[in-house]
Amino acid sequence: MMRHLFALCALAAVGALACAAGVSAKPQTIHPGELWPDDRGNHVQAHGGGILKQGKTYYWFGEYRSRDNDPNLRYVGCYSSQDLVHWKFHEPALKLADPENLGERWVLERPKVFYNARTKMYIMYFHLDSGNYSLARVGIATSKKADRDYKYLKSFRPLGQISRDIGQFVDDDGSAYLIFEDRPNGFHIARLSDDYLTVERDVCLIPMHMEGGAVVHYQGLYYAIGSALTGWNPNPNKYATATSLAGPWSEFKDIAPPEANTYGAQSTMMLKVVGPKATTVIFMGDLWKPKTQWDSRYLWMPVEIGDGKLTLPSPHDWTLDVKTGEAEIVSATPPAAPAAPSP
Ligand code: DGJ
């Protein structure tokens, strides 16, 4: 007993030291739906977010909805990590006062950051809106640093169209796309201009009304996913596939049993982790709590993907090793309830 206790303490001490040094033993465990503490012990505030990888560092940007926020400002949270599990807090990358005279309840949602290798600038896109969501534009802020000093540049309707939820996709060849939801017309996958400061052209307009848009390129196929338009309430998210971003796209199918409503989550990004042993595609979703947004959680799970099929497993603890690319679901499925005795 004492020997076990000693071994456990030794393990915990090694773990704590490794984490303090920013080097974490692998693989690391993700607990979908639980509080996700940053290096200060505070729940990560990066809702509706996206990931940018620079070298070996991952940056997670998203809506920073801390309870202590100044109600007049909107914040974009920024965290960095080497393993996608332990996140170092950075001061919010953007703290913005109402940039377009939109009124008290103005909205900044779903920020995503692209890095433009040609101009060496970081370009942040976000959904900018008035309190009743009638402005429907994208806003842009830029910086020379990944994690700070973003300055608001402008806002516009991409390609002159209404734009609410946005998503980000960077293909394996480095080409960058903004995904945006245009209520009358559908789901746009649009190419950014060379400097990423504007949206140049539609690569595809899928005539589906979907929010939380995300795309991943896996084994020669593109998978597009999105949610239905149900505000903060969950719904069955769906996916379609195509061999080219321009389509044609297959019909949309459920990513999970429809009655599960995506296990309460809404898509925000599909993150591909490529390693020498495996490629893992992570569904990044938000578990929104509209009345206590600072407590909204994250549902990240590795999807089962291939041959045109994509399935989101039910939420369980899982481990990720970013060095090898391997993921493994580790917590057991709760045992099925015993069958009721027949009357
Ligand atoms: C659903 C969107 O996906 C969210 O980003 C947010 O805009 C809510 N609607 C607002 O109701």
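To be clear, the structure that these remarks concern was listed above.
From a predicted model like this one, the values you see are computed outputs, not experimental measurements. (Residues numbered from 1 in each chain as written. Predicted model: local features only at pLDDT ≥ 70, side-chain atom pairs only at ≥ 80, totals over all residues. Heavy atoms only, no water.)

1. Observations concerning empty space enclosed by the protein
Alright, step 1. Enumeration over the complete set of coordinates arrives at one cavity of 30 Å³ or more.
Alright, step 2. If you add up the space inside the largest cavity, you get close to 30 Å³.
Alright, step 3. Taken together, Asp 165, Ile 166, Gly 167, Ile 179, Phe 180, Glu 181, Phe 187, Met 210, Glu 211, Gly 212 and Gly 213 make up the full set of residues lining the largest cavity.
Alright, step 4. Mapped onto the lining of the largest cavity, the elements with two or more residues apiece are strand E10 (166-170), strand E11 (176-182) and strand E14 (211-218). (1 Å grid on protein atoms, 1.4 Å probe; cavity = no way out; pocket = protein on both sides within 12 Å on 5 of 7 lines; lining within 4 Å. Points joined across faces, edges and corners; volume = space filled by probe spheres on them. Helix = DSSP H or I, 4+ residues; strand = E, 2+ residues; numbered from the N terminus.)

2. What to know about the packing of aromatic side chains
Alright, step 1. Applying the stated criterion across every chain, the model contains 20 aromatic pairs.
Alright, step 2. Taking the centre distance of 5.8 Å and the plane angle of 80° together, the rings of Phe 114 and Tyr 125 count as edge-to-face. With Phe 114 in strand E6 (residues 107-116) and Tyr 125 in strand E7 (residues 121-129), the pair connects residues that are 11 residues apart, well separated along the chain. There is no split in this pair, since Phe 114 and Tyr 125 are both buried.
Alright, step 3. Seen from their ring centres, Tyr 115 and Tyr 122 are 4.6 Å apart, and the 40° between their planes marks the pair as tilted.
Alright, step 4. Linked through ring pairs, Trp 36, Trp 60, Trp 87, Tyr 298 and Trp 300 together constitute an aromatic cluster.
Alright, step 5. Seen from the ring of Phe 89, Arg 40 lies directly overhead, with NZ or CZ sitting 3.5 Å from the centre. (Phe/Tyr/Trp six-rings, centres within 6.5 Å; stacked < 30°, edge-to-face > 60°. Buried < 20%, exposed > 50% of the residue type's maximum accessible area, 1.4 Å probe, protein only. Lys NZ or Arg CZ within 6 Å of the ring centre and 35° of its normal.)

3. As for the pairing of E6
On a regular strand, one side chain projects to one face of the sheet and the next to the other, so that they alternate.
Alright, step 1. Summarising burial for E6: nine of the 10 residues are buried, a large majority.
Alright, step 2. Bridge count for E6 against E7 is eight bridges, and the pairing is antiparallel. When the bridges of E7 are listed, Lys 112 appears paired with Tyr 125.
Alright, step 3. Connecting E6 to the next strand, E7, in antiparallel fashion are four residues, including Lys 120 with a positive phi near 55°. (Pairing = 2+ DSSP bridges.)

4. Comments concerning the pairing of strand E5 (residues 88-97)
Alright, step 1. Where strand E4 (residues 73-81) meets E5, seven bridges bridge the pair, whose relative direction is antiparallel. The residue bridging Leu 73 from the neighbouring strand is Ala 97, located in E5.

5. With respect to the site of the ligand
Alright, step 1. All residues in the neighbourhood of the ligand are listed as Glu 109, Arg 110, Tyr 133, Asp 165, Glu 211, Gly 231, Trp 232 and Gln 266.
Alright, step 2. Between the ligand and the protein, one listed contact pairs an oxygen atom with a side-chain N or O atom of Trp 232 at 3.5 Å.
Alright, step 3. For the shell around the ligand, the per-class residue count stands at two nonpolar, two polar and four charged.
Alright, step 4. For the shell around the ligand, the two domains that each supply at least three residues are domain 1 (37-207) and domain 2 (210-335 + 339-343). (Near = heavy atom within 4 Å. Polar contact = N/O pair within 3.5 Å; in protein donor to acceptor, adjacent residues only side chain to side chain. Nonpolar A, V, L, I, M, F, W, Y, C, P; charged D, E, K, R; others polar. Domains from an automatic or database assignment.)

6. Quick notes on the side chain of Thr 268
Alright, step 1. Tracing the chain through its elements places Thr 268 in strand E18 (residues 266-274).
Alright, step 2. Residue classification places Thr 268 among the buried positions, given a relative accessible area of 3%.
Alright, step 3. In terms of polar contacts, Thr 268 uses its side chain to reach the backbone carbonyl oxygen of Gly 48, at 3.4 Å.
Alright, step 4. A distance of 2.8 Å separates a polar atom in the side chain of Thr 268 from the backbone oxygen of Gly 49.

7. A closer look at the sheet that holds strand E1 (residues 28-30)
Alright, step 1. Judged by pairing direction, the sheet is antiparallel, and its three strands sit side by side in the order E1-E23-E24 without closing on themselves. Of all the strands in the sheet, just E1 and strand E24 (326-329) have a single pairing partner and so form its edges. The average undirected angle you get between the axes of adjacent strands in this sheet is 25°. (Axes fitted to C-alpha atoms, helices over the stretch in contact; angles between N-to-C directions.)

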